[in-house]
Amino acid sequence: MVGIGFRREFAQELIAGELIHPDFIEFAPENWMHIGGHWKKLLHQAVERYPVLCHGLSLSIGSPEPLDQEFLRYVKSFLEEYQIQLYSEHISYSKCDNAHMYDLLPVPFRMDAVRHISERIQQVQDYMQRPLVMEIVSYYTPVAAEMSESDFISEIVRQSGCQLLLDVNNIYVNAFNHQYDAKEFIAQLPLDKVGYIHMAGHEKVTPDLIIDTHADAIIDPVYDLFEGTIQRLKPVPVLLERDYNFPQLPELQGELNRLKAICNKHWSRNHALVSGNI
Amino acid sequence: MHLSAETYSVQQAFSRYCRTGKKGNLSGVQTDRMAWYREMVFNIFADALETAFPIAFANLPQGKWDSMTKEFCSQHACQSYQLWKMPLEFYTYAVENSWDEKHHIPYLNDLLSFEWAELELYNMEDLAVPAFKLQGNWLQESILLNPEYRLLAFKYPVHKETNRRKILQQAGAWFVLLYRMPETGLVQFIELSPWLAFVMEQLYAGITLSDILAYAPDLNITVTDTLASETVLFLQEMQTRQLVLGFQP
Ligand SMILES: [Fe+2]
């Protein structure tokens, strides 16, 4: 399954399914909760046409302050209303001092933060009655780190029991920005816990810094990293994230096709072996 | 809580820097890279506010707009977990902090309220439409109206003027009713006379037109046959424009 982020900019075309026809769509509940009128009608048409996965923005699992119970209640009912199969979020924080910042800030890689985040993931999982799939975010500076990033992530997965959202572009971006080897980093992760993959484009803004913009096409080295990685994974949904600077839709469909071809190359064989058809 | 006081304060310092630009006591970060976060957070605020308030953004002096968005981003703790609702907090912040006086834009509150109402109506959850019949007695029967509306009173005609001098010249009492069209979801607005604004407010409160007319002398309005028939004509016109639904069955 290869999907794409459901954006208002090309919602009509997605629903029509002519220029672009993903296997599923993904959107942020925060962008569609408590909405009526024109957009609610389109949302209903989209949900009728495609399976939907949700990718949240405002949970702020890494916040020092308590979880927002009212928010959780609305997200839960939204996921139930639209029969969302998968709810993912970010290992980061976007709220502090009781103020939303609407951006993903990096959490200090520290053991107390691991315990804090893991406990909160468990609270959310218990309340939502479903596993959370947590994304490794792109970050541009470590913040008072006391442990390695891969240990930090692995410990959260181990202690919380959550699944991982592996954003291959994020790993590529982080490896470049923090000068480590992306493949080695991926090899250190609990890959059996990966439940979802993101792919996206990025922008190099200075010779030593890449920003994860979702405003360009996926570049070849990220495809390569993706191809190397999925050979070590069981089949999971793969999403193309494109949030700005939209090209003609056939170009996006081209990216979906390329991702799908790579998945089919490696996963159909795995599938067949598992099911014993060959 | 598992989080140590130190990690808590590190996270606080980082996020405070993103909002205010004040570095505080932060070690173990790459300062030049941290600046990107501040820029990204501010851009998210700036983009959302420009989109929500396109008239204000296009017509207020750029320097004033920038200083408003910067102050809001750094001083106000946003409560909405949905970004599209954040501009309401900006409008509220502007009113509470008397930005109209501080920035010498007397019509600022009217303008922000008008633009927010448009956005809110466009996005807001669907409200149940009551059962209605199309024909009835305009004077005696309960008139049912489109429930998705906002009735706003302005001192300045921000709904039809963008030029500062012209807006200020026309200070007075302006009434604008905005509503969402059922099929298209588009937001329409109409300017109302003080009398028709009063009529609409009362109709929305469930009062019949004949009772509203009976109250007119208290507003120093002389009830004539023309007033009654012109009011009915207006309501009939509004029925074709889907503001008036019909009558209580
Ligand atoms: Fe992602």
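Residues numbered from 1 in each chain as written. Chains lettered and ligands numbered in written order. Predicted model: local features only at pLDDT ≥ 70, side-chain atom pairs only at ≥ 80, totals over all residues. Heavy atoms only, no water.

**Re the UniProt feature "domain: Putative DNA-binding" (unreviewed entry) in chain B**
Alright, step 1. In the numbering used here, UniProt assigns the "domain: Putative DNA-binding" (unreviewed entry) feature to residues 10-93 of chain B.
Alright, step 2. End C-alpha atoms of residues 10-93 of chain B are separated by 28 Å, and the span's content is 73% helix alongside 0% strand. (UniProt positions renumbered as here; feature names shortened; annotations may be inferred. Helix = DSSP H or I, 4+ residues; strand = E, 2+ residues; numbered from the N terminus.)

**Here's the deal with the interface of chain A and chain B**
Alright, step 1. At the junction of the two partners, chain A supplies 52 residues and chain B supplies 47 residues.
Alright, step 2. Both sides of the chain A and chain B interface together cover about 4300 Å² of buried area, and 55% of this is carbon and sulfur.
Alright, step 3. Contact with chain B buries area across many residues of chain A, yet His-34, Asp-97 and Tyr-102 of chain A alone supply 16% of it, more than any other trio.
Alright, step 4. Counting the contacts that link chain A with chain B gives three salt bridges.
Alright, step 5. The residue Asp-208 of chain A makes a salt bridge to Arg-33 of chain B at a minimum N-O spacing of 3.9 Å.
Alright, step 6. Connecting chain A to chain B are 27 residue pairs in polar contact (both at pLDDT 80 or more). (Contact = heavy atoms within 4.5 Å. Buried area = accessible area lost by both parts, 1.4 Å probe. Salt bridge = Lys/Arg side-chain N within 4 Å of Asp/Glu carboxyl O. Polar contact = N/O pair within 3.5 Å; in protein donor to acceptor, adjacent residues only side chain to side chain.)

**Considerations on the coordination of the iron ion**
Octahedral metals with six donors have ideal donor angles of 90 or 180 degrees. Tetrahedral metals with four donors have an ideal donor angle of 109.5 degrees.
All names here are of chain A.
Alright, step 1. Protein ligation of the iron ion involves Glu-135 (OE), Asp-167 (OD), His-198 (ND1) and Glu-241 (OE), the donor distances falling in the range 2.2 to 2.5 Å.
Alright, step 2. Coordination at the iron ion comes from four donor atoms whose angles at the metal span 77 to 156°, giving a geometry best classed as irregular.
Alright, step 3. As a motif over one chain, the donors of the iron ion read E-x31-D-x30-H-x42-E. Here Glu-135 is found in strand E7 (residues 133-135), whereas its partner Glu-241 is found in strand E12 (residues 238-241), with 106 residues between them in sequence.
Alright, step 4. Overall, Glu-241 belongs to the buried group, its relative accessible area being 7%. (Donors = N, O, S within 2.8 Å, 3.2 Å for Na, K, Ca; no water. Tetrahedral: all angles 85-135°; square planar, octahedral: opposite > 155°, others 65-115°. Buried < 20%, exposed > 50% of the residue type's maximum accessible area, 1.4 Å probe, protein only.)

**Thoughts on helix H4 (residues 62-75) of chain B**
Two residues of an α-helix separated by three or four positions point the same way, owing to the 3.6 residues in each turn.
Alright, step 1. Between the first and last C-alpha of H4 of chain B there are 20 Å, a value that for 14 residues agrees with the 20 Å anticipated at 1.5 Å per step.
Alright, step 2. Those residues of H4 of chain B that sit buried are Trp-65, Met-68, Thr-69, Glu-71, Phe-72, Cys-73 and Ser-74 of chain B. (Expected span 1.5 Å × (residues − 1).)

**Here's the deal with the domain arrangement of chain B**
Alright, step 1. Per the domain assignment, the segments of chain B are domain 1 (5-105) and domain 2 (143-247).
Alright, step 2. On a C-alpha basis, the centres of domain 1 of chain B and domain 2 of chain B stand 36 Å from each other. (Domains from an automatic or database assignment.)

**A look at the nonpolar core**
Alright, step 1. Phe-152, Ile-197, Met-199 and Phe-226 of chain A together with Phe-14 of chain B are the most contacted members of the largest nonpolar core, which totals 144 residues.
Alright, step 2. Sorting elements by how many residues they give to this core places helix H2 (residues 31-52) of chain B first, with ten residues.
Alright, step 3. The two domains that each donate at least three residues to this core are domain 1 (5-105) and domain 2 (143-247) of chain B.
Alright, step 4. Setting aside residues no more than four positions away along its own chain, Met-199 of chain A makes contact with Val-168, Ile-218, Val-222, Tyr-223, Phe-226, Val-238, Leu-239, Leu-240, Glu-241 and Leu-259 of chain A. (Core = buried A, V, L, I, M, F, W, Y, C linked by side-chain atoms within 4.5 Å.)

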